[in-house]
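# Residue-level structural notes
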Amino acid sequence: FSLEQIEKRLAGDGFIRADLRGAVRVYRIAYRTERLLGQEGMTSALVLLPDWPLMEAPPLVVFAHGLEGIAPACTVSKGDWTDAPYHRVGSLLALASYGYPVIAPDYAGFMPGSTPSGVSLSEDEAHSVLDGTRAMAQLLQPGGTSDRVVLVGHSQGGHAVLSAQALAGSYGLTGQLSGVVAFATNWLPLKVVGLIIAKEIGNNTRDDVGVLRLAMAYLYTHAEVYDGPGSGLALFQPGKRSLVQADLATCPSTQSATLEALGETSSDFFEPEFV
């Protein structure tokens, strides 16, 4: 991406007074990680390298993005970079053009045939973030970055980098964790997700699509990661599982599917015992 392309892209995406310095080279990679401890996994990622690094050995930025959906097609690395608004990409371009090497994991679970990515599941996200530092150490020549690492996360990514900070001491990383920046952080305790689908709260599939979809993705993916394939759909009534699966396969940005086919409230499609 030339400097002119980046300027045009960020202007269309609502960035104001971004301090841009140079062109950026973008790569798509994959690297090994762990899901829960001991469970092998793999994540795809974007790597952005500045043509004009901020200094001789700049700090490494690991950028954790917000929730775009749980289907493989929803990954940030497969997003349309030419079209605004797609602000995850704008943040990456701004950081890299300023002079930071950046790696942006998609999180584990987006490779074909793998267990879905755990939405706001701390270990699942954090391992992908921390292993991004190891991937960059393998990818770049020695001295390509300093030993300083800064984690930056937006929305669900804020949850991911705070989780990575908490687990860095036990799980480890390559380099020295020097800073954590979490903005517009989405932090969901399980109790909150339970309240979203509780009958007494009154959320419905016509007016509360976003929050119900978030709860569905959270509960479905946690069950899949913790209890194994098929456990996520077991949370839903048998007659509604195919519709749930179709809805979860869409990306939130497209909003092509509708929840109304599942019923009026979560009680119409979640297993009553589970609720």
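An account of the accompanying structure is given in this report. All of these numbers come straight from a predicted model, not from anything done at the bench.

## Describing unusual backbone geometry
For Ser-120, which is not a glycine, the phi torsion comes out positive at approximately 55°. Structurally, the position occupied by Ser-120 is in the loop between strand S4 (102-105) and helix H3 (122-139). Taking the relative accessible area as the measure of exposure, Ser-120 reaches 5% and is therefore buried. The phi angle at Ala-184 is positive, at roughly 50°, despite the residue not being glycine. Residue placement: Ala-184 occurs in the loop between strand S6 (176-183) and helix H5 (190-197).

## Points about helix H7 (residues 241-248)
Owing to its 3.6 residues per turn, the α-helix aligns residues three or four sequence positions apart on the same side. Of all the residues in H7, the buried ones are Val-244, Asp-247 and Leu-248. Along the axis of H7, the buried residues cluster in a sector spanning 95°; they form a single face. The inward-facing, buried residues of H7 abut helix H6 (209-227).

## Quick notes on the nonpolar core
Of all hydrophobic cores here, the largest spans 24 residues; its most connected members are Met-216, Leu-219, Phe-236, Val-244, Leu-248 and Phe-270. The biggest single contributor to this core is H6, with nine residues. If near-sequence neighbours (up to four positions away) are discounted, Leu-248 is found in contact with Ile-70, Ala-71, Met-216, Ala-217 and Tyr-220.

## Overview of the side chain of Thr-250
As for its position among the elements, Thr-250 is in the segment after H7. Residue Thr-250 is classed as buried on the basis of its relative accessible area of 18%. Within the structure, Thr-250 has its side chain in polar contact with the backbone oxygen of Asp-247 (distance 2.7 Å).

## Considering the pattern of salt bridges
Scanning all chains against the criterion turns up seven salt bridges. Residue Arg-9 pairs with Asp-13 through a salt bridge whose shortest N-O separation is 3.5 Å. As far as the burial class goes, Arg-9 and Asp-13 line up, both buried. Notably, a salt bridge pairs Arg-35 with Asp-124, separated by 2.6 Å at the nearest N-O pair. With Arg-35 in the loop between strand S1 (24-34) and strand S2 (40-50) and Asp-124 in helix H3, this pair connects stretches of sequence that are 89 residues apart. What makes Arg-35 buried here is its relative accessible area of 5%. Using a relative accessible area of 1% as the deciding quantity, one classes Asp-124 as buried.

## A look at the pairing of S1
Examined bridge by bridge, S1 and S2 share eleven bridges and lie antiparallel to one another. When the sheet's bridge partners are listed, Ile-29 is paired in S2 with Ala-45. Hairpin connection between S1 and S2: a loop of five residues separates the two successive antiparallel strands, and Gly-38 in this loop has a positive phi of roughly 90°.

Parameters and conventions
Numbering of residues starts from 1 in each chain and follows the order in which that chain's sequence is written. With the structure being a predicted model, the display of local features is reserved for residues of pLDDT at least 70 and the display and counting of side-chain atom pairs for 80 or more, all residues being used for whole-chain, interface and lining totals. Only hydrogens and water are set aside when side-chain values are computed; all heavy atoms of the structure are taken into account. What counts as a helix is a DSSP run of H or I of at least four residues, what counts as a strand is a run of E of at least two, and both are numbered from the N terminus. Residue burial is assigned from relative accessible area. The probe radius is 1.4 Å, only protein chains are included, and a residue is buried under 20% of its type maximum, exposed over 50%, and partly exposed in between. In this context, the arc is that of the directions from the helix axis out to the C-beta atoms. Only heavy atoms matter for contacts: two residues are in contact if any of them lie within 4.5 Å across the pair. As used in this record, nonpolar core signifies buried Ala, Val, Leu, Ile, Met, Phe, Trp, Tyr and Cys residues forming a set joined through side-chain atoms within 4.5 Å. Nitrogen and oxygen atoms within 3.5 Å of one another constitute a polar contact, given that in protein one can donate a hydrogen and the other can accept it, and given that sequence-neighbouring residues count only through two side-chain atoms. Any carboxyl oxygen of Asp or Glu that lies within 4 Å of a side-chain nitrogen of Lys or Arg is treated as forming a salt bridge with it. At least two bridges found by DSSP between two strands are what make those strands a pair.

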